[in-house]
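What follows is each chain in one-letter form.
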Amino acid sequence: MFTKILIANRGEIAARVIRTCKQMNISTVAVYSEADQEAPYVKEADESYLIGKPRVNESYLNIDKILKVAKESGAQAIHPGYGLLSESAEFAEKVTRAGLVFIGPRPEVIAKMGDKIAARHEMSQAGVPIVPGTDEAVASAEAALSIAQSFGYPVMLKAAAGGGGIGMQAVYSDEELEKAFEGNSKRAQTFFGDGKMFMEKLIENPRHIEMQVLADHHGHAVHLFERECSIQRRHQKVVEEAPSPVLSEETRRQMGESALKAVERLGYSNAGTIEFLVDEQENYYFLEMNTRLQVEHPVTEEITGVDLVEQQLRVASNEVLSLKQEDLSIQGHAIEVRIYAEDPNTFYPSPGQLTKLELPEGENIRHELAVNGSSKVTPFYDPMIAKLVVHGETREQAIDLMAKALHKYEIEGIKSNLTMLKRIITHDQFKKGNTKTTFIRDYYLPTLTNQ
């Protein structure tokens, strides 16, 4: 096992990794930008190093600087967290070449799954259901029109590289497609350095359900059941829960088997997530694979009792996976909400100085924090500042506990999405489990117009 690791990330995920490392007696090295020098995780780490100015390309995306700190500090491995460099095949390869261990899958697997067209091909070969779509990049808007007419509208236009909803747009007509193709291609080029687009048949009113997997370097793999992540705004998740409120045991079994087929096909190791779209008949289709730890991993930890960060570290240090599929079971129900520094009506970020942060406390309430009561939320990074996680014996108990916890949660000095989260959790359609990807559009946004 490692004695010292560097965490190439920031905020709540850096703090999360530090917490498990402390429990395992592993020393931690944090890196931070000028904007994050007072961030809680910087003080929680055993060592912390300034790596640059606030903008990510001058700090958290500076591979050479991060590797230099890792070598000078004596770190043996690097945990990439999520976002930033976590799904950069180049970073993983350079970490390995530097004689360090990358706590994640092999670079070639990251590259393959980072290209959505290549990922579709791999999943098809593994026997995992995929959404009908193009097997190659769409060359032009004219070609896109021809393909859309053969599929039939609506279609989903997507960037081949990247994620987070960037370059993604549902399209319902030729006119919309002509406008959307060029604009989304330019966005993808700007954000990912790759403007290639592909298209899929749009699965209308789906659920977004994902399977957590773990695999070692010795051919052993397990899935840790599913997470329902359907409540999203701008294609980004807001509320996640485990297990899904609607999956039958048979569909759960089939999705788990499909996830493990994907792992076997790829020769995957470490933690990963297979994301699926699920229609109203419980047909499921591969969406993408995230080759890293997910933001929403705590709900899986709560229902399985498995520390996923610990497992990542053990796998990366070449230990044999101690978990067996037959020993894993779902224990109760967990819900996570993402707390953003943003206007709950417009979803625009709301940076500023926090003047108060009062957290609900109690049994089965868990916090993952990027800030404290005196933190300054800067405009340079993702506006998620915290996650609130609860666990109950049943979904109804978890909803009740989350509603009570949100009622006691106080943030002052900046705008936050707390009011939005309260409305979602107490909405009768949420309680019924009607949590499709259209939830915000259908049930939350109308409440704003009626104010």
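Residues numbered from 1 in each chain as written. Predicted model: local features only at pLDDT ≥ 70, side-chain atom pairs only at ≥ 80, totals over all residues. Heavy atoms only, no water.

Enquirer: Help me out: how do you make sense of the side chain of His223 in this one?
Expert: Within the secondary structure, His223 is located in strand β10 (residues 221–233). Ignoring any residue separated from it by four or fewer positions in sequence, one finds His223 in contact with Met211, Gln212, Val213, Gly256, Leu260, Gln325 and Leu328. (Helix = DSSP H or I, 4+ residues; strand = E, 2+ residues; numbered from the N terminus. Contact = heavy atoms within 4.5 Å.)

Enquirer: Help me understand the packing of aromatic side chains in this model?
Expert: One pass over the full model with this rule turns up seven aromatic pairs. When the ring of Phe91 is compared with that of Phe102, the centres are 6.1 Å apart and the planes differ by 90 degrees; the resulting orientation is edge-to-face. You can see Phe91 sitting in helix α4 (residues 89–97) and its partner Phe102 sitting in strand β5 (residues 101–102), a full eleven residues away along the chain. We classify Phe91 as buried; its relative accessible area is 0%. One aromatic cluster in this structure is built from Tyr60, Phe380 and Tyr381. Here Arg233 stacks its cationic end above the ring of Tyr340, 4.3 Å away from the centre of that ring. The positively charged end of Arg395 is found above the aromatic ring belonging to Phe430, 4.7 Å away from the centroid. (Phe/Tyr/Trp six-rings, centres within 6.5 Å; stacked < 30°, edge-to-face > 60°. Buried < 20%, exposed > 50% of the residue type's maximum accessible area, 1.4 Å probe, protein only. Lys NZ or Arg CZ within 6 Å of the ring centre and 35° of its normal.)

Enquirer: For this particular structure, what's the right way to read the pattern of salt bridges?
Expert: Oppositely charged side chains can form a pair if their charged atoms are brought close together. Tallied over the full model, the rule gives 44 salt bridges. In this structure, Glu288 and Lys116 form a salt bridge, with 3.7 Å as the shortest nitrogen-oxygen distance. On the criterion of sequence distance, the pair formed by Glu288 in strand β13 (residues 284–290) and Lys116 in helix α6 (residues 116–126) is long-range, its members being 172 residues apart. Classification of Glu288 by relative accessible area gives buried; the value is 18%. One network of salt bridges, with partners in common, ties together Arg16, Arg19, Glu301, Glu302, Asp307, Arg366 and Glu368. (Salt bridge = Lys/Arg side-chain N within 4 Å of Asp/Glu carboxyl O.)

Enquirer: Got a minute to help me understand the pairing of strand β12 (residues 270–278) in this structure?
Expert: Strand residues, when the strand is regular, have side chains that alternate between the two faces of the sheet. Taking burial as the measure, the nine residues of β12 include nine buried ones, the bulk of the element. Across six bridges, β12 lies against β13 in antiparallel orientation. Across the sheet, Val278 pairs through a bridge with Tyr284, a residue of β13. From the end of β12 to the start of β13, which pair antiparallel, there are five residues, and Glu282 there has a positive phi angle of about 65 degrees. (Pairing = 2+ DSSP bridges.)

Enquirer: What should I look at first to understand the side chain of Arg16 in this one?
Expert: Tracing the backbone shows Arg16 in helix α1 (residues 11–23). Assessed through its relative accessible area of 2%, Arg16 is described here as buried. Separated by 2.7 Å, the side chains of Arg16 and Thr20 make a polar contact. Contacts of Arg16, omitting those with residues within four sequence positions, involve His297, Glu301, Asp307, Leu308, Val309, Arg366 and Glu368. (Polar contact = N/O pair within 3.5 Å; in protein donor to acceptor, adjacent residues only side chain to side chain.)

Enquirer: Please clarify how the nonpolar core should be interpreted in this entry.
Expert: The nonpolar side chains of a soluble globular protein tend to be buried with one another. Grouped together as the largest cluster of nonpolar side chains are 59 residues, with contacts concentrated most on Ile5, Leu6, Tyr41, Ile78, Phe91 and Leu313. Per element, the largest residue contribution to this core is six residues, and it comes from α1. Setting aside its immediate chain neighbours within four residues, Tyr41 contacts Asn9, Arg10, Gly11, Ala14, Ala15, Ile18, Ala30, Val31, Tyr32, Asp36 and Tyr60. (Core = buried A, V, L, I, M, F, W, Y, C linked by side-chain atoms within 4.5 Å.)

Enquirer: Looking at this structure, I do not really get the packing of α1 against helix α11 (residues 308–316). What am I missing?
Expert: It is the contact of α1 with α11, at a shortest axis distance of 9 Å, that shows an interaxial angle of 70 degrees. In terms of their interaxial angle, α1 and α11 are classed as roughly perpendicular. Here α1 runs over α11; the crossing is right-handed. Along its contact with α1, which presents Arg16, Val17, Thr20 and Cys21, the element α11 presents Leu308, Val309, Glu310 and Leu313. (Axes fitted to C-alpha atoms, helices over the stretch in contact; angles between N-to-C directions. Parallel < 35°, antiparallel > 145°, perpendicular 65-115°, else oblique. Left-handed = near helix turned anticlockwise from the far one by under 90°.)

Enquirer: I'm lost on α4 in this one. Help?
Expert: Since the α-helix turns once every 3.6 residues, residues separated by three or four places project in the same direction. Here α4 has its buried residues at Phe91, Ala92 and Val95. Buried residues of α4 fall within an arc of 100 degrees about the axis and therefore sit on the same side. Tucked inside the fold, the buried residues of α4 contact α3 (63–73), β4 (77–79), β5 and α5 (107–114). Positive phi appears at Gly99, one or two residues downstream of α4, with a value of about 85 degrees. (Arc of directions from axis to C-beta.)

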